[in-house]
Each structure stands twice: as C-alpha cells, then as structure tokens.
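# Examination of the molecular architecture
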Amino acid sequence: MNRRTLLFLFFNLLLMFVLAIVTACEKIEPTLNKPLVALKTGEYTADGSEVPVGGKLTFGITATEGSAPLTNIVIKRITNGIVSTELDQGIYLPSGGLDYTFRATKSGAQREEWHFKVMNARRDTASVSLTVHLGEGSAYGPINHYPSLIIGMQHNPELPQFVNLRSGNIFTTGTVTGNEASIDLVAFVYFTGGVMSPTLCCPAYSGSSSVTGHYPAIAGWPVRNSTLYDYYTSDNDLINPADFETAANDSLLVQAYKPGNVSGLCKFMFTGRIVPFKTSDGKYGLIRVKHADTESDGYMEIEVKVQQ
C-alpha cells in the first residue's frame, strides 16, 4: 500500500470521526405532542340526539395534555347563529389529563351545535363538536322552593353563613365541617363601586375580593364548589318579580340564565334583586333577595327556586 493510499484512508477515517463527534453533540429536539380531546359515549348526550326543550344535556369530556400542562377549557353553544360561551375556565393539569362532566338544558332551538376546546401551556389546542336536535314535547321539570333562608354576613357570629342551594340546608362554622362539598353560597359585605355592597359568592371564587379573604377557613376545604351567578341579569333587573313568584317549573330558571356575563361573585345584591345561577353540578336556579344589610355584622334573607 503506497503512501498516497495511506493518507487517503487516514483522512477518510479522520473525517468519519469528526462527523461522528458532531452528530453526537447535536441537540436532539424532543417530540412535541399536541393535546387531544374526545367526548364520552354511553350515558352521555350523543351527536345527533333529539332532546325536547327543557331536557337534560350531559357531556363527558376527556383530554390529554400533550407536551405541556392543560390550562384552559372552553365550551360554546351555537343556536340560530348566536354563539354563547357556556364555559371558559382556566385549569392547570400537568399530567393525567382531563376528565370533566358538563351539564346543561336543551333550549327551544331546532338545532344546537356544541363545541369543546382545550388548550395547553404551549397554546396548542384541540377541539371536538357535536349537534343536538330539538325533540318532541317538553321536558321542563319540577323545582325546589325555599321561601326564606336567613344567613349572616362575614362578621355575624350568631347566624349560619354557608348555604346548600340545592337542598336549602344552611350551616354554621361549627356544623359545616364534613359538609364542605355541599356548599354553594356564602354572603359578605365589602366596599366597591363607591358603596357597601351585599355580595353573594361561592367557595371556589378567587377574584379581587376573594371569598377566602372574608372566610379564611374555606381555603383549606377539601372541595370548593363553583357557583356561577348571572350578574348582568341581576344588575339590570331583567326578571319580573311576578314571573319569579309564579314560576312552578324550571322553564324560567333555565331561560333566565345567560352564560355570557357570569361570575362566581355577584355584587350589589340589594333588597329586591333577583339573580339567576348555575351550580357546579349543573342545576339552574333563581335567588331573590328579600332583605340585605350593608353592614358586615348584618344578615341577608334570600328566597331560592332551583331545579330538582
């Protein structure tokens, strides 16, 4: 083997060695997966279902996070070309995915499109949709009526302060232990908009006037329910008191609730105000304020009508 051949072999081996080192040092980019979302079948409302007005809709949503934690779920209903955001909720699920049940009631529209979307921390999204048609007849159902629930504000130690809107049961700080998962409502007074505001709130609310600022023990509850109040309807007195008084089924309760302007906190709940609400397990209802003090050691008397 001559010298030229040896040099050729040497430089080829050297080149292969350098290429092997460069390849080994290259950064290996991880595979980035997008989230996935799907709807459960079986006991849940299926695509193409025919449901009478007032009938119950139940959607089971599952989702995987992909390459980043799930951070948001959005549910929209489209009827007659009008888009209603039924849910727009921040979440944080770094692993294990989402398993969520959403309940609603069929409107009188001939056709409803339901869209379900999730997003992760990389702002990757996934969506799924279905259609529900109007069935024959009416499925508006019975309601529970609680004419008078009297609760204390945050500095009133003599009255119960925690309300289960579905059963009408109320609890004190002593009796609420073990019943935290049933609580939908508390009341307090605080200064906002230039006035002292009688306010309804739910255990899960974490806004600027957080419920835990007035009831610190709630921060340690094992379950904190999220009740949504339609504050726009309340602020603008859109419900006729006579209609509230004569409501004998859940028709008014369902139709009065508009999901576009809702919150876990409802301010300015002065005497006479009526507010639609939706509980964490999908029950629609109405609260009428029969009396509301503007002192933190005062009380509030409410009347409640809620789906059974």
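In this report, the structure presented in the accompanying data block is examined. (Residues numbered from 1 in each chain as written. Predicted model: local features only at pLDDT ≥ 70, side-chain atom pairs only at ≥ 80, totals over all residues. Heavy atoms only, no water.)

## Overview of unusual backbone geometry
A positive phi is found at asparagine 80, a non-glycine position, where the angle reads about 55°. Residue placement: asparagine 80 occurs in the loop between strand 4 (70-79) and strand 5 (82-93). Backbone geometry places phenylalanine 268, a non-glycine residue, at a positive phi of 55°. Here phenylalanine 268 shows up in the loop between strand 15 (265-266) and strand 16 (274-278). (Helix = DSSP H or I, 4+ residues; strand = E, 2+ residues; numbered from the N terminus.)

## Concerning the sheet that holds strand 6 (residues 98-105)
Strand order in the open sheet formed by three strands is 1-3-6, with antiparallel pairing between adjacent strands. Here the strands that pair on one side only, and so sit at the sheet edges, are strand 1 (36-39) and strand 6. Ignoring which end each strand starts from, the neighbouring axes of this sheet average 25° apart. Taken together, the four bridges between strand 1 and strand 3 (residues 56-64) define a ladder with antiparallel strand orientation. Note that in strand 3 the partner of alanine 38 across the bridge is threonine 62. (Pairing = 2+ DSSP bridges. Axes fitted to C-alpha atoms, helices over the stretch in contact; angles between N-to-C directions.)

## Digging into the state of the cysteines
A complete count under the given rule lists zero disulfides for this structure. Cysteine cysteine 201 is unpaired, with the sulfur of cysteine 202 as its nearest cysteine sulfur at 5.3 Å. (Disulfide = S-S within 2.5 Å.)

## Structural notes on the nonpolar core
Core analysis: the largest hydrophobic core is formed by 37 residues, its most contacted members being Phe162, Leu185, Leu200, Tyr229, Ile287, Met300 and Val304. For this core, the elements supplying multiple residues, two or more each, are strand 9 (143-152), strand 10 (162-163), strand 12 (186-192), strand 13 (195-201), strand 15, strand 16, strand 17 (284-292) and strand 18 (299-307). Per element, the largest residue contribution to this core is five residues, and it comes from strand 12. Dropping the residues within four chain positions of it, valine 304 is found in contact with Asn144, His145, Tyr146, Leu149, Leu165, Phe277, Leu286 and Ile287. Grouped together as the second largest cluster of nonpolar side chains are 31 residues, Val37, Phe59, Leu98 and Val118 included. (Core = buried A, V, L, I, M, F, W, Y, C linked by side-chain atoms within 4.5 Å. Buried < 20%, exposed > 50% of the residue type's maximum accessible area, 1.4 Å probe, protein only. Contact = heavy atoms within 4.5 Å.)

Keep in mind these values describe shape, not function.
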